[in-house]
Structure formats: C-alpha cells, structure tokens
Amino acid sequence: MVSIVVPVYNAARYIRKTIDMVCEQTYKDWELILVDDASSDKSAEIISDIIESSGKRIRLIRKERNAGAAEARNTGIDASAGRYIAFLDADDVWMPDKLEKQIAFMEKTGASFAFHSYEFGNELARPTGKIVHVPETMKFRQALSRTVIFTSTVMFDTEKIDMEIIHMPDVPSEDTATWWRILKSGIIGYGMDENLAIYRRPPKSLSSNKFVAIERIWFLYRNIANLSVLESLFYFGGWALRATLRRL
C-alpha cells in the first residue's frame, strides 16, 4: 500500500479537488493521510464531510497548533501504514497514473528514494509548458547545485530506507534539507524523467521570491550540508545558473 501524506493549511480552495485526484488514481491500493495544521478556514470541515461518505482510506489528523509543513508531514509519516510513502501538497496536481508508474519504476530500479519530472502551472494549475526534467540518478554532491527534487514527486520504499531519516527538520526549505540528508547518508535517488505532476505556482508564492530562495539555499549550504564559504559559493553558482535556466 501507498501512504499519501498531505499537509493541509488553509487549503479549502483546493482540498476537495486534491482528494478527488487521489481517488481517481489508476493505482488503488493507497491510504490518504491529511494532516490539518490548525487551518483557520474550512479545510478540516470539508475533509470531514468527504470522509463521512468515502470510507476508511481517507484519514484526517487535526493539529491543535500551527507548526508548519515539516511537522505536519512528520505526523503523517508516523501515522502511515503503507510500504510506500508519497508526499503531495494540497495545491499540487498529480497525473492519474502517477502512483502506478512510479511504483513500477521503483520495483524495476530497486530504488528506495525516487522522484520524477514535473511541470510548472499557473494559479489555476494550468500547465505553462515549462517542464523540469530530472536526472536518472542523484547523489549528494550533484544535488547541491540541482534543486530539482519537487516534494510532490517524491516516494520512499520503507522496506529499504529507515523511516527516521525521512522525517523533515524544522528549518527553511525543510524538503530540500531532507533530500540532502538522505543523499549524504549514501542513498542514491532515482529520477524518472516523465512529467507526472503539476507544480502550482501563484505569482506571489513564497517560491517565486528570489531573495527568499537565495537566503534559504545559503542557509542549507552552511547549516545542513556544512560546507565552507568557498564550497558554498561554488555550489551556489551552479544552483543560480540552473535555477535561471529552469525559469526561462
């Protein structure tokens, strides 16, 4: 079974479509764990209404205080029962055969950590034509200048990877920090170069703020990867070039 972990915070606008999208997956052996991070909108109420008519495969966990996406995902990981764990953000979109194809890919390659290509979408999740392609494999040093691993494309095989290492730290860009920690341990990430997701990117989203992105990547170099200033500058140059090309 695949445990799909979704952090939810003020996602009333998207959450019904997100749940429908999971239910429409061609791969049917899954559980959906929605962790509401103390939303102030109707997200939890919408989820509860859907659960009443949808059976036990959809679970809602309500946090008493807002603690951020990292803790919400960790709560979902701890509650998961599946062999595979997949992450999905409430405003992102999966293709209907995403789970089926990614599990087949992981079985074929023997991967414990896998990810795939994706396409940028606008605020309405309409594809922009900008597809981010991923390499066949990813090691730690390669990842330092190629932040192409998108959270909603990641899947883990918990029979081959320690559950503890996939828990996310409470730091800026917690997802990238997690991928780096996993890769630094010697685990190889396997990339499937097929577009199976749309990354919804509103004009004023946090990820579109270039200054925030620069501050975060520098923090990761110095505090997560523990690089020297010179090493950080070296990898930052590669990161900046690739990030620019990806958005052209």
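Anything mentioned here points back to the structure above.
Here we summarise the structure given alongside this text.

## Notes on the overall build of the protein
Okay, so step 1: Regarding its fold elements, the protein presents eight helices and ten strands.
Okay, so step 2: Seen along its three principal axes, the alpha-carbon backbone of the protein occupies a region of about 55 × 40 × 35 Å.
Okay, so step 3: Taken over 248 residues, the protein has a buried fraction of 51%.
Okay, so step 4: Pairs at least 24 apart in sequence give 76% of the contacts found in the protein among residues at least 6 apart.
Okay, so step 5: Only carbon and sulfur atoms are counted for the fraction: they give 52% of the accessible area of the protein, which is about 11,600 Å².
Okay, so step 6: Measuring between centres, the 33 positive side-chain charges of the protein sit 6 Å from its 33 negative side-chain charges.

## A short note on the packing of helix α1 (residues 15-23) against helix α2 (residues 43-52)
Okay, so step 1: Running from N to C, α1 and α2 point in directions that differ by 35°, and their axes come no closer than 10 Å. At the point where α1 passes α2, the crossing takes the right-handed sense. For the pair α1 and α2, the contacting residues are Ile15, Arg16 and Ile19 in the first and Ile46, Ile47 and Ile50 in the second.
Okay, so step 2: Here the contact of α1 with α2 is composed, by residue class, of five nonpolar, no polar and one charged.

## Looking at the environment of tyrosine 235
Okay, so step 1: Here tyrosine 235 lies in helix α8 (residues 229-247).
Okay, so step 2: Classification of tyrosine 235 as buried rests on a relative accessible area of 13%.
Okay, so step 3: Sequence-wise, tyrosine 235 and leucine 144 are 91 residues apart; in three dimensions their C-alpha atoms are separated by 6.2 Å.
Okay, so step 4: Residues contacting tyrosine 235, with those up to four places away along its chain left out, are Arg141, Leu144, Ser145, Tyr221 and Leu227.

## Observations concerning the packing of aromatic side chains
Okay, so step 1: Counting across every chain of the model gives 14 aromatic pairs.
Okay, so step 2: Ring centres 5.9 Å apart and planes at 55° place the aromatic pair phenylalanine 113 and phenylalanine 115 in the tilted group.
Okay, so step 3: Accessibility expressed as a relative area gives 0% for phenylalanine 113, which makes it buried.
Okay, so step 4: Arranged with centres 5.1 Å apart and planes meeting at 80°, the rings of phenylalanine 234 and tyrosine 235 form a pair that is edge-to-face.
Okay, so step 5: You can call phenylalanine 234 exposed: its relative accessible area is 62%.
Okay, so step 6: Among the aromatic side chains, those forming a connected cluster through ring pairs are Phe87, Phe113, Phe115, Phe156 and Trp179.
Okay, so step 7: It is arginine 57 that lies over the ring of tryptophan 30; its NZ or CZ is 3.9 Å from the centre.

## Some thoughts on the environment of asparagine 223
Okay, so step 1: Structurally, the position occupied by asparagine 223 is in helix α7 (residues 210-224).
Okay, so step 2: Along the backbone, asparagine 223 and alanine 213 are ten residues apart, and their C-alpha atoms lie at a distance of 15 Å.

## Here we look at the side chain of threonine 18
Okay, so step 1: Along the polypeptide, threonine 18 turns up in helix α1.
Okay, so step 2: On the accessibility criterion, threonine 18 (3% relative accessible area) is buried.
Okay, so step 3: Filtering out sequence-adjacent residues up to four positions away, threonine 18 remains in contact with Leu88 and Ala90.

So, how was this worked out
Residues numbered from 1 in each chain as written. Predicted model: local features only at pLDDT ≥ 70, side-chain atom pairs only at ≥ 80, totals over all residues. Heavy atoms only, no water. Helix = DSSP H or I, 4+ residues; strand = E, 2+ residues; numbered from the N terminus. Buried < 20%, exposed > 50% of the residue type's maximum accessible area, 1.4 Å probe, protein only. Contact = heavy atoms within 4.5 Å. Areas by Shrake-Rupley, 256 points an atom, 1.4 Å probe, with all protein chains shown as cover. Lys, Arg positive; Asp, Glu negative; His and termini not counted. Charge placed at Lys NZ, Arg CZ, Asp CG, Glu CD. Axes fitted to C-alpha atoms, helices over the stretch in contact; angles between N-to-C directions. Left-handed = near helix turned anticlockwise from the far one by under 90°. Nonpolar A, V, L, I, M, F, W, Y, C, P; charged D, E, K, R; others polar. Phe/Tyr/Trp six-rings, centres within 6.5 Å; stacked < 30°, edge-to-face > 60°. Lys NZ or Arg CZ within 6 Å of the ring centre and 35° of its normal.

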